[in-house]
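Coordinates in review
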Amino acid sequence: MEKNLNQNLFLQQFNESDAIAYDERFVSNTSDYNFRLLDNAYRNTGRVYAKLKLAVDSNKCQDETCAYELSEIKHLQEAPQLSLDFLSSLLAELSVTDDPNFDPNNDFKYTAANSILSAKPGFSKSDGYNVYLDLLQGGAQQIVFIGPAFEEPLVINNTALNALNESNTSLVAPTPDINKDMLRLLTEVGVFSPDMVGENGQLTAGAKITEEYVIMNPDGTPDYEIIDIGNGKGRNILKYDLNKIEKKVTPFINAEVAGLMSSEQDAVAAWNVYISKGTSVEEDDQMAQNANAGNSSWSYTEDLPLMQDKKVLFEKKYKEYFMNNYLKQFTTNQFPTVQADAAVFDLAEAKRAKAQKFIDDNNL
Amino acid sequence: MAIGAVIGLGASILGGVIGASSARRAARAAAREKARLTMKLGNLEKNRQKVVNPYEDYTSLSGMISNPFANLGVATGAAEIKIEQADISLANTLDTIRTTGGGAGGATALAQAALQSKKGVAASIEQQEKANEDKAAAGEQRAQQQRIADEQRMQQAGAMGKQFVFGETEKRQVKEIDRTYAELTGATQAQAQAKADQTGAVTGALGSVASIAGGMLGGK
């Protein structure tokens, strides 16, 4: 698993870097990308087609019904469209490896295959790579990738790929856009009033959590926390009832996770790239590679379907990620909405006044 | 167009394959979004907070309603004293008659007087009992009216509670269903559009497939 991760990271880094441009040997040699997949696949089909046709026309079939010959003719006639469907389907799958948040725990061979099909530098025939499309008897087709990045040839059959696609399964798991999902989730968790949501479906710049969650004094005024802003000055900031907020948002986060679990491989990708280590969004953004989970990654081959304990852990970590990276900014350093209370004041005087109020309130 | 060389296609077919490939990804993404929304909606509905019936703690108080006049006692003590007094008076009078040598006629008159006195006492008791029965009946009538009123109040409260629960549940269901339905419709439309794009791209490409098939048929 770790070997696969490292190979994938290497391929990604290789493709993203300009290193090869500074390799004189590479620059001075021919890069031959003329794999000519379809030309090669269909090179002899004309002759085969003609033989079959002649056999049928001259009653020289394997048996008197000509069933085999007629069936093969039909397959050959349908083959071009199947090839186009197969290639478009395969390109769609492999292009996931180019996504900026691609999970390198996916099989690295698909990254290499995508590099060949998209003619990336270093993956040409001259670099030792080749790719074949085979038309198999019975109408199926397969594509075979070979070259230095593959210990064994990578073989993908069109009927297998179709079956996976039909059941909404992927060869390569795309990573959900967690940032987009969580920004949307912020508007759905019920702690912001609807007028705080802009036309783009996200919170507006000055969005604040509704007063229902602000801690109040018995007299109905907000119970401010005083912060030191330097030079002997202070400001009031709002205090929030975090338990109440958590109780409110939890069912919505759980529903979001349930939605994500509709495709467990997406959840695995999200875990590996974002959720596992409890990093901040900034840390994720700054990460050179999407290897957040590192050696605690979940494997697509070994951990799917996800066991219940992993689902529970995912839900817990997802919630923490949301609370720490997205909601926390709205519960910290929030200035009062009452203009007078939002002003800067003398810190020592305010502290004295607060102490005096405490003495008065408690008859001390 | 290096990818054209890889696949061995002319630009027109290649454009179709790449277009179909993008459309396939879009269709897959829309299908995933649809599945995600469906699961999310299911979870929200399954785990939503129960609608509270604010009337459910109403209880019937009719058990507390009683008829305070139901078991009124008759003041027989006074009647007994009266009878006793009458008897003592009769005995005293008899003694006086004996002492003064009175005749049997006097005794008879006395006995009748005593009888009259006792009859008066009995009538008084009867009167009290009648008054008490009247009061008990009136009390029972009032108690029944109150019990009926309370049962009516309970039934009304129950009905209002059910109506409230239904209304609130209905409101919330409709809101959630509307929202998710809108999202699901969006995802379904996106999926349909992506599939149409995919078909269009492949169909466009197939117009140029003659070059592939041509190679095949050319060898005939």
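First things first, this report covers the structure right here in the doc.

The rules we used
Residues numbered from 1 in each chain as written. Chains lettered and ligands numbered in written order. Predicted model: local features only at pLDDT ≥ 70, side-chain atom pairs only at ≥ 80, totals over all residues. Helix = DSSP H or I, 4+ residues; strand = E, 2+ residues; numbered from the N terminus. Buried ≥ 20, exposed ≤ 12 C-beta atoms within 10 Å, placed from the backbone. Contact = placed C-beta atoms within 7 Å. Pairing = 2+ DSSP bridges. Axes fitted to C-alpha atoms, helices over the stretch in contact; angles between N-to-C directions. Parallel < 35°, antiparallel > 145°, perpendicular 65-115°, else oblique. Left-handed = near helix turned anticlockwise from the far one by under 90°. Core = buried A, V, L, I, M, F, W, Y, C linked by C-beta atoms within 7 Å. Domains from an automatic or database assignment.

What chain A contains, in helices and strands, is 13 helices and six strands. Taken over 364 residues, chain A has a buried fraction of 32%. For chain A, long-range pairs separated by at least 24 residues make up 65% of all intrachain contacts whose partners lie at least 6 apart in sequence.

Across its full length, chain B holds five helices and zero strands. Ordering the α and β elements of chain B from the N terminus gives α-α-α-α-α. Going through the 220 residues of chain B one by one, you find that 15% of them count as buried. Intrachain contacts of chain B at a sequence separation of at least 6 include 89% that bridge at least 24 residues.

Further remarks concern the sheet that holds strand S4 (residues 225–230) of chain A. All names here are of chain A. Spatial ordering of the open sheet is given by S4-S5-S6, a layout of three strands whose pairing is antiparallel. Two strands bound the open sheet, and with one partner strand each, they are S4 and strand S6 (345–346). One ladder, built from five bridges, connects S4 with strand S5 (residues 233–237); its direction is antiparallel. Directly across from Asp228, in S5, lies its bridge partner Gly234.

Another aspect to go through is the packing of helix H5 (residues 67–94) of chain A against helix H7 (residues 158–166) of chain A. All names here are of chain A. Between H5 and H7, the least distance of the axes is 10 Å, while the angle of their chain directions is 55°. Between H5 and H7, the angle is such that the two are oblique. H5 and H7 meet at a crossing whose hand is left-handed. Across the interface between the two elements, Leu82, Phe86, Ser89 and Leu90 from H5 touch Asn158, Leu161 and Asn165 from H7.

When you tally the buried positions in S4(A), you get zero out of six residues, a small fraction of the element. Linking two consecutive strands that pair antiparallel, namely S4(A) and S5(A), is a turn of two residues; a positive phi of about 55° is found at Asn231(A) within it.

Attention now goes to the nonpolar core. Where a protein is soluble and globular, its nonpolar side chains tend to be buried together. In this structure, Leu90(A), Leu91(A), Leu94(A), Ile116(A), Ala270(A) and Val17(B) are the most contacted members of the largest nonpolar core, which totals 81 residues. Here this core gathers at least three residues from each of two domains, domain 1 (2–166) and domain 2 (175–364) of chain A. Setting aside anything within four residues of it in sequence, one finds Ala270(A) in contact with Thr175(A), Pro176(A), Ile178(A), Leu260(A) and Ile275(A).

Residues and elements named next belong to chain A. Mapping Asn333 onto the fold places it in the loop between helix H12 (308–327) and S6. A residue is classified by how many C-beta atoms lie within 10 Å of it, and Asn333, with 11 of them, is exposed. Taking the C-alpha atoms as reference, Asn333 lies 8.8 Å from Lys239; in sequence the two are 94 residues apart.

Before going further, it helps to examine the sheet that holds strand S2 (residues 141–146) of chain A. All names here are of chain A. With respect to topology, three strands assemble into an open sheet ordered S1-S2-S3, the strand pairing being antiparallel. Only two strands of the sheet have a single neighbouring strand rather than two, namely strand S1 (130–135) and strand S3 (154–157). Going from strand to strand, the sheet's axes swing by 15° on average, the running direction of each strand aside. Summarising the sheet, S2 and S3 pair through four bridges and their orientation is antiparallel. Paired with Val144 across the bridge in S3 is Val155.

It is worth stressing that arrangement in space is one thing and function is another; only the former is reported here.
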